[in-house]
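Chain by chain, the residues:
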Amino acid sequence: MQTKPLLITTGEPAGIGMDIVLMLAQEGKLQHFNRPIWITADAGALQQRADELLAAKALDKCPSWHSVTTNAADSAPDIAAQLAALHTDRTNSFIVINTPCNAPVSAGHIDTHNSAMVAKQLELAHKLAIEEQVAAIVTGPLQKSALIDAGIQLPDGTMFSGHTEYFMQQSARDKVVMMLANQTMKVALVTIHLALKDVPAAITKDNVRRTVQIVLDDMRSKFGIAKPRILVCGLNPHAGEGGHLGLEEIEIINPVLQEFIAAGATISEAMPADTLFTTRHLANCDAVIAMYHDQGLPVLKSHGFGDTVNLTLGLPYIRTSVDHGTALDLAGRGGASDTSLYQALLMANEMADKAQATAVL
């Protein structure tokens with residue numbers, strides 16, 4: 001397992017996914033890991049992007065890589081064996097699993113004919129991860145609107161809504177948890193992309209209970225923290241002010257949290273978010289659970305927007321991601337930052353090591 005690779009999906013070919021991989025490779029940062037780096041990309045488009053970045057002086061030199069074209073019918077172990085034969089050549093920064101586009105790629109300009117290629121990257125990543133041929137998936141940015149416009153759907157036939165939902169359905173999970181993390185804090189969410197008016201109805205005992213359990217399980221198995229310390233935000237201002245500002249804390253959230261406390265978990269009852277997110281409290285916790293997106297994430301991103309990593313907890317494998325979009329205006333022109341991708345790789349590598357150590361115990 002120590003030599004299992006980290007797999008990067010470069011995502012939307014018109015965006016900066018390929019740019020930031022090339023930048024990290026030129027800087028020598030992909031050699032910082034004790035694992036090979038595999039990426040999914042159109043090999044021709046990748047070389048074209050490298051040439052564009054060289055012309056824009058965003059690269060000083062073109063990094064080297066191996067390119068391999070696999071058969072879609074090949075099993076995950078067969079694909080891994082084919083790529084493993086190239087691991088001994090350390091002169092190359094990474095291995096490209098060639099995932100051809102259907103149309104020429106123009107940096108900064110979306111072509112929905114290439115959306116099927118983006119979906120194929122995700123399909124291959126899941127295939128390799130679920131068969132334990134890679135240590136983790138690290139996803140680059142995709143353009144949801146392009147996949148929707150191209151008619152790409154989730155496995156259940158519904159509209160494509162993102163990486164998280166795709167990997168959840170492919171893994172036959174009906175609940176996963178979004179967590180964002182940086183050097184200051186880790187914040188998990190009970191609800192994700194909901195209008196604020198719809199959040200209270202989604203704060204159910206079952207949703208809170210399953211979120212807490214997934215966070216506890218993954219903090220132990222993927223972060224190697226045997227007894228994680230968790231702080232939980234209330235839904236309402238002042239955590240409901242004893243029922244005067246809302247009853248969700250009294251009727252839903254705290255009864256669930258008391259179940260975990262009684263079972264021995266180190267977890268708070270619902271706390272006012274404006275108190276919880278202070279240095280005194282954060283110094284004594286491993287993760288925060290927020291009730292909704294803009295309760296937790298603005299605070300986290302204010303402490304490290306560029307180095308924040310997006311994680312999906314509750315999957316049968318490790319998945320991290322950049323915290324930014326496709327940045328079409330920067331693709332092929334320079335100016336993109338590779339910091340978030342590097343942090344996502346660092347976290348994926350650390351989690352893979354911790355998961356391995358935990359599995360051995």
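This structure is a prediction, so every number in the text was calculated from the model and none was measured.

S.K.: How do you make sense of helix H4 (residues 115-130) when you look at a structure like this?
M.R.: Because an α-helix packs 3.6 residues into every turn, residues spaced three or four apart end up facing the same way. Given a rise of 1.5 Å per residue, 16 residues ought to cover 22 Å, and the 23 Å separating the end C-alpha atoms of H4 matches this to within 8%. Among the residues of H4, those classed as buried are Ser115, Met117, Val118, Ala119, Gln121, Leu122, Leu124, Ala125, His126, Leu128 and Ala129. Positive phi shows up at glutamate 132, right after H4, with a value of about 60 degrees.

S.K.: How do you make sense of helix H9 (residues 248-262) when you look at a structure like this?
M.R.: The end-to-end C-alpha distance of H9 is 20 Å, a good match for the 21 Å that 15 residues give at a rise of 1.5 Å each. Where H9 bends most, at asparagine 254, the angle is about 40 degrees, and the proline proline 255 comes one to four residues later. For H9, the elements touching its buried residues are helix H7 (199-202), helix H8 (205-221), strand E8 (229-233) and strand E9 (266-271).

S.K.: Which parts of the structure should I look at to understand the packing of aromatic side chains?
M.R.: By convention here, two paired aromatic rings are described through the distance between centres and the angle between planes. Under the defined criterion, the tally for this structure stands at 4 aromatic pairs. With centroids separated by 6.1 Å and ring planes inclined at 65 degrees, the aromatic side chains of phenylalanine 33 and tyrosine 342 adopt a geometry described as edge-to-face. Taken as a pair, phenylalanine 33 in the loop between helix H1 (17-26) and strand E2 (37-41) and tyrosine 342 in helix H13 (residues 339-360) lie far apart in primary sequence, 309 residues in all. A relative accessible area of 6% means that phenylalanine 33 is categorised as buried. Ring centres 5.4 Å apart and planes at 10 degrees place the aromatic pair tryptophan 65 and phenylalanine 94 in the stacked group. One end of the pair, tryptophan 65, is in strand E3 (residues 65-68); the other, phenylalanine 94, is in strand E4 (residues 94-98), with 29 residues separating them in the sequence. Accessibility expressed as a relative area gives 16% for tryptophan 65, which makes it buried. Classification of phenylalanine 94 as buried rests on a relative accessible area of 2%. A network of ring pairs unites the aromatic residues Tyr166, Phe167 and Tyr317 as a single cluster. Above the plane of the ring of tyrosine 342 lies lysine 29, whose end atom (NZ or CZ) is 5.0 Å from the centre.

S.K.: Quick question: what am I supposed to make of the packing of H1 against helix H2 (residues 43-55) here?
M.R.: For any two helices packed against each other, the geometry is given by the interaxial angle and the distance between the axes. Where H1 contacts H2, the axes come no closer than 10 Å and their chain directions differ by 70 degrees. Taken together, the axis directions place H1 and H2 in an arrangement best described as roughly perpendicular. The hand of the H1/H2 crossing is right-handed. On H2, the residues touching Met18, Asp19 and Leu22 of H1 are Ala45, Leu46, Arg49, Ala50 and Leu53. Residue classes in the contact of H1 with H2 are distributed as 6 nonpolar, no polar and 2 charged.

S.K.: How should I be thinking about the state of the cysteines in this particular structure?
M.R.: Simply put, the disulfide is a covalent bond whose two ends are the sulfur atoms of two cysteines. Across all of its chains, the model carries 0 disulfides by this definition. Summary of cysteine pairing: cysteine 285 is not part of a disulfide, and the nearest cysteine sulfur, belonging to cysteine 233, is at 9.7 Å.

S.K.: Honestly, the packing of H4 against helix H6 (residues 163-170) in this entry has me stumped. Any pointers?
M.R.: Two numbers describe how H4 lies on H6: the axes approach to 11 Å, and their chain directions differ by 45 degrees. Put simply, H4 runs oblique to H6. In the crossing of H4 with H6, the sense of the turn from one axis to the other is right-handed. Packed against H4, whose contacting residues are Ala119, Leu122, Glu123 and His126, the element H6 presents His163, Tyr166, Phe167 and Gln170 at the interface. When grouped by side-chain class, the residues that make up the contact of H4 with H6 number 4 nonpolar, 3 polar and 1 charged.

S.K.: How should the side chain of serine 268 be read in this particular structure?
M.R.: With respect to the element layout, serine 268 can be found in strand E9. Since its relative accessible area comes to 13%, serine 268 is described here as buried. From its side chain, serine 268 meets the backbone nitrogen of valine 232 in a polar contact 3.0 Å long. Those residues within four positions of serine 268 in sequence are excluded, and the remaining contacts are Ile230, Leu231, Val232 and Leu257.

Rules behind the numbers
- Residues numbered from 1 in each chain as written.
- Predicted model: local features only at pLDDT ≥ 70, side-chain atom pairs only at ≥ 80, totals over all residues.
- Heavy atoms only, no water.
- Helix = DSSP H or I, 4+ residues; strand = E, 2+ residues; numbered from the N terminus.
- Expected span 1.5 Å × (residues − 1).
- Buried < 20%, exposed > 50% of the residue type's maximum accessible area, 1.4 Å probe, protein only.
- Bend = angle between axes of the 7 residues up to and from the residue.
- Contact = heavy atoms within 4.5 Å.
- Phe/Tyr/Trp six-rings, centres within 6.5 Å; stacked < 30°, edge-to-face > 60°.
- Lys NZ or Arg CZ within 6 Å of the ring centre and 35° of its normal.
- Axes fitted to C-alpha atoms, helices over the stretch in contact; angles between N-to-C directions.
- Parallel < 35°, antiparallel > 145°, perpendicular 65-115°, else oblique.
- Left-handed = near helix turned anticlockwise from the far one by under 90°.
- Nonpolar A, V, L, I, M, F, W, Y, C, P; charged D, E, K, R; others polar.
- Disulfide = S-S within 2.5 Å.
- Polar contact = N/O pair within 3.5 Å; in protein donor to acceptor, adjacent residues only side chain to side chain.

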